[in-house]
Amino acid sequence: MWLEIGLVVLGIVALVSTVNFVLRKLLKIEKEKKDFFAVDYANERHRKIDQWVRWGWMLVSTIVIFMVFAEELPIIFYLLLFIAWIATDAFVRAYFQWKHSEQPRQAILTLSEMAVWISAVTLVIYFDVFNFLT
C-alpha cells in the first residue's frame, strides 16, 4: 500500500513539474532561484499569514486524524481537509505573489499547481484508489 501511495505522489509531482515547465515556456515566466525546501515570502505580512495557515492546518489536522482513528470516521474527512488546506495555502501565496512580488506572473504557476494537486486528490477520492472509503 505504501508503495502505491508513493507512486501516486511521485506521479502527481511529475505532472506538476511538467505543467509548470510548459506554462513557464508558454507565458515566458522566469524561473525563481530558491533552495529546495525554502519558503519565499513577499513580505513580513505574508510570512505571518502563512504561519497562521500552517499552524491552523496542524491543529485542525491533528483533531481530524484523532477523530478518524478514535471515532472511526471515514478518511475522506481528512482528504477534504487536505484539499481545503491546499487551496488556502495556494491562494494566500498567489495573492502575495501577484500584489507584492517582483514577478507577479508567478502566481499563475502557483494556481496551476494548486489545480493539479486538488484534481489529483479529488480523483483519488472519487475512484477510491487506495480503498479508503470501503
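Bear in mind that the values here come from a model prediction, so they are computed numbers and not experimental data.

**Section: the overall build of the chain**
For the chain, the helix and strand inventory stands at four helices and zero strands. Put simply, the chain runs from its N terminus to its C terminus through helices and strands in the order α-α-α-α. Expressed along its principal axes, the backbone C-alpha trace of the chain runs to roughly 45 × 30 × 20 Å. The 134 residues of the chain split such that 27% are buried.

**Here's the deal with the environment of Thr110**
Inspection of the secondary structure assignment puts Thr110 in helix α4 (residues 106-126). Using a relative accessible area of 6% as the deciding quantity, one classes Thr110 as buried. For Thr110 and Tyr95, which are 15 residues apart along the polypeptide, the C-alpha to C-alpha distance reads 9.7 Å. Look past the residues within four positions of Thr110 in its chain and what remains in contact with it is Ala90, Arg93, Ala94 and Gln97.

**Comments concerning the packing of helix α2 (residues 44-70) against helix α3 (residues 76-100)**
Running from amino to carboxyl end, α2 crosses α3 at an angle of 180°, the nearest separation of the two axes being 11 Å. Judged on the interaxial angle alone, α3 and α2 are roughly antiparallel. Touching Arg45, His46, Ile49, Asp50, Val53, Arg54, Trp57, Val60, Ser61, Val64 and Ile65 of α2 are Phe77, Tyr78, Leu81, Phe82, Trp85, Thr88, Asp89, Val92, Arg93 and Phe96, all from α3. Classifying every residue of the contact of α2 with α3 gives 13 nonpolar, three polar and five charged.

**Digging into the pattern of salt bridges**
If you walk through the whole model with that rule in mind, you get three salt bridges. The closest approach of N and O atoms between Arg47 and Glu44, which form a salt bridge, is 2.3 Å. With Arg47 and Glu44 both in helix α2 and three residues apart, the pair spans about one turn of that helix. Its relative accessible area of 25% is what places Arg47 among the partly exposed residues. What makes Glu44 partly exposed here is its relative accessible area of 43%.

**Some points on the nonpolar core**
Counting residues in each nonpolar core, the largest one holds eight residues, listed as Leu79, Ile83, Ile86, Ala87, Ala90, Met114, Val121 and Ile125. Those elements that provide at least two residues to this core are α3 and α4. With residues up to four places along the chain from it excluded, the contact list for Ile83 reads Ile118, Val121, Thr122 and Ile125.

Definitions and limits used
- Residues numbered from 1 in each chain as written.
- Predicted model: local features only at pLDDT ≥ 70, side-chain atom pairs only at ≥ 80, totals over all residues.
- Heavy atoms only, no water.
- Helix = DSSP H or I, 4+ residues; strand = E, 2+ residues; numbered from the N terminus.
- Buried < 20%, exposed > 50% of the residue type's maximum accessible area, 1.4 Å probe, protein only.
- Contact = heavy atoms within 4.5 Å.
- Axes fitted to C-alpha atoms, helices over the stretch in contact; angles between N-to-C directions.
- Parallel < 35°, antiparallel > 145°, perpendicular 65-115°, else oblique.
- Nonpolar A, V, L, I, M, F, W, Y, C, P; charged D, E, K, R; others polar.
- Salt bridge = Lys/Arg side-chain N within 4 Å of Asp/Glu carboxyl O.
- Core = buried A, V, L, I, M, F, W, Y, C linked by side-chain atoms within 4.5 Å.

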